[in-house]
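Read off the chains here:
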Amino acid sequence: MEHRQVSPGKPVGGCELRGLVRDAKTGKGLSGYRVVAYDSDNTRKDLLGSATTLLNGEFILHYRRADFTKSDDERKAEGGPDIVVEVINTFGRLVKTTDPLIDAAASTEICIEVAVARENERPEGPPLVDPFQVLRASFESQIEALERAGVKDRQALLKADLRAVAQETKVPVAQLETFRLYAEMAHADRFAPEVAAAIIARTGLRTREQLAVSQPRELMQAIQAALAEGKLDDKLKITPSVVYGWIGYAKGIDPKPFASPMNIRQVLHDAKLITDAVAKTNPEALITAVTGLLNPFNRLASMAGVRALMEDAGVTDLSSLGTFQVQGQRVIHPGYYVALPKLKLVTSLTNFDLVTATIAKGLRFKRVEALSDSLRFVPNPVTDAVIIGSLVDFVEADARLIIGRDVTSLTIITEEIRYSDVNLITYEDANRTPEARAPMSPARAATGSPANDRNVYSPGEGNTGRSGGDGAAGRNGGAGNNGDSLGAAPDVTIYVLHTPEGLPDINLGGRRGGAGQAGQHGGNGSDGARGRPAQSHACHCARSVGHGGNGGNGGPGGAGGPGGAGGSGGNLTIHTLDENLVLLATQRPLSVNINGGAGGNGGERGIGGAGGAGGAPGDDSWPWCDEEPSRVGADGHNGASGPGGANGPGGQAGVFTLQPITQSDWNAVFNQPWIIRVEPAVGQTGQTVRVVGRNL
């Protein structure tokens, strides 16, 4: 082991241990290995911290002086810790323990070489347990009765007709059923026979299939009811975690790969920093974090989607893939984007195992498209996009990953994301607003009727000219289009091990709603008609000048239409290592926008129509009759303008979910056995079958 002191002297405050874990034979960095550092002296062994190696085998581990100065004597000492490092491979095996680094400096670099043994680089199979041997300790007489009846081993018990066996042995059928279920579940560490027999008999479960499809909450309620009725020993410690574990076992899930514990206090602290930052800029968003920390099966459920997506794409080894590059404005459309392998072995699509294996799974893909850094599989109609690569790299300072308008959700599966401060993940036309509603046609409501010429007499009442009609009221404007009319903001799910610089900005904010339609202007009032003309007779005025008709009132303007509702914000889910949370929290504040879009502006108000002019007095051209200029008709009143439209409501904010996972969780998903193909798929009894897979 090589090492060097970077900053000599007494460590004060924060300290770090950084270095490289590499294959002793090839010199290649080993990724995904867990490095655990201790301060080891003659009396005690204090944990300093742990880290997971990156793609190139490098790691950095932070600790504090308080971590290795627990006693009064240690606090008085001047030197640094005596560091011993343990290296644990991706399957949880201890593969290296270093000699102590005596009196380590505040900043120390080391290089650890590991002899990679093939037998250590594969998962352990579940232990084989003889259920009869275990059951005999608690149910000796019943097991002896079974053996006398010819049921002497696990296979015989699984195949037996339990009702016939019950008649012969006088062992109740319900108890035989619990025995058989235990025989099916004998590999489960916490599936003790006494507990299984007692609980299953009281809850009605009889087979592994029934247990596998049980709902944890309902099964726990049944157990609690049995305890309350005194049907179960109240000394049995049956916790929800145990019940989850039984169901997981019944489904064939081995929890051992998920046994790596989290530093709950540290995870909660780091997660709160992240969620508080998101909540500050997204006040209406629902924030959920650190779900299922204590139960590995919950974490498995959150990771199960990764494996399903990779199986769909025919990918069995994430670390063997190369880099998915983001250059310029890279638009993502529906389908799988799978980074090409790191080794340039692809000469044509016909000899590329990834393509052939994927298409062989069911010919679900409409086409396979070769890109410069990846292959794009375009499935039959789908609106999801998936990016799979060992590294997602924003290779240009202003590069943007743009989710196409035909994509409703994007999933990114990678070991690491690299970017600069100005990079962005967003979606196409994020700032586009719906087109405004077409203006009213006609823009103004109808003019009042009847229509008069204020200088032409039209008869009204008596000698008065006909009054003008009131203008029609303007129609109210229609509501603006909702922001989601252009498509809701997409959802993004990211599975990532390491984010050395944090994450790029992510904009999944909803679009702004469209503006409301302007209200129609009120119709103008029509003019009043001219008064009846005067008339003279026998040297005197027989009929004086008539009054002009009154002008009609203008119609009221229509109300502006309400603005459209803002679009919904997209949902963002991040799955990352528990130890990576501190980088997300401290390297660079997580800049996320999942707010709902602002409501559209209300429509402009309709202007009231103008009042019609009063009609002129009647014609006074007859001799003997006087002019009467005061007999002009009254002008109509102008119509009131309508109210402006209300702004539309804001869109619903998205949901932010932060799910910490452990390296063991990740390894369990990506290092479990994978069957790629079976040759031949159909054959005769006794024929040799060739199975091609990974991690078998």
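Residues numbered from 1 in each chain as written. Predicted model: local features only at pLDDT ≥ 70, side-chain atom pairs only at ≥ 80, totals over all residues. Heavy atoms only, no water.

Next up on the list: the overall build of the protein chain. Along the backbone of the protein chain there are 15 helices and 28 strands. Considering the protein chain as a whole, with its 696 residues, one finds that 46% of them fall into the buried category. Sequence separation of at least 24 residues holds for 77% of the intrachain contacts in the protein chain that already meet a minimum separation of 6. Element-wise, carbon and sulfur atoms account for 49% of the exposed surface of the protein chain, whose accessible area totals about 33,600 Å². (Helix = DSSP H or I, 4+ residues; strand = E, 2+ residues; numbered from the N terminus. Buried < 20%, exposed > 50% of the residue type's maximum accessible area, 1.4 Å probe, protein only. Contact = heavy atoms within 4.5 Å. Areas by Shrake-Rupley, 256 points an atom, 1.4 Å probe, with all protein chains shown as cover.)

Here we take up the state of the cysteines. Two cysteines whose sulfur atoms are joined by a covalent bond form what is called a disulfide. This structure, assessed with the given rule, holds one disulfide. Here C541 is linked by a disulfide to C625, with a sulfur-sulfur distance of 2.0 Å. Across the disulfide from C541 to C625, rotation about the S-S bond amounts to roughly 100°, and the bridge is consequently right-handed. Residue C541 is located in strand β23 (residues 540–543), and its partner C625 is located in the loop between β25 (592–593) and β26 (655–661); the two are separated by 84 residues in the primary sequence. For C541, a relative accessible area of 29% corresponds to the partly exposed category. Residue class for C625 comes out buried when judged on its relative accessible area of 9%. (Disulfide = S-S within 2.5 Å.)

Considered for burial, the residues of helix α3 (residues 140–148) that qualify are Q142, I143, A145 and L146. Down the axis, α3 shows its buried residues gathered within 155° of arc, on one side only. G150 sits one or two residues past α3 and shows a positive phi near 90°. (Arc of directions from axis to C-beta.)

What follows covers the nonpolar core. Counting residues in each nonpolar core, the largest one holds 42 residues, and the members touching the most others are I387, F394, L401, L410, L572 and F656. Residue contacts for I387: discarding those within four places in its chain leaves F324, I332, Y337, V392, L401, L410, T411, I412 and I413. Core analysis: the next-biggest nonpolar cluster, separate from the first, contains 22 residues, Y33, A51, F68 and I112 among them. (Core = buried A, V, L, I, M, F, W, Y, C linked by side-chain atoms within 4.5 Å.)

Between S441 and P442 the backbone carries a cis peptide bond, its omega angle lying at -5°. As for its placement among the helices and strands, P442 is situated in the loop between β19 (424–427) and β20 (491–498). Note that the residue after S449, namely P450, is joined by a cis bond; omega there is 5°. By secondary structure assignment, the location of P450 is in the loop between β19 and β20. At D429, a residue that is not glycine, the phi angle is positive and equals roughly 60°. Here D429 shows up in the loop between β19 and β20.

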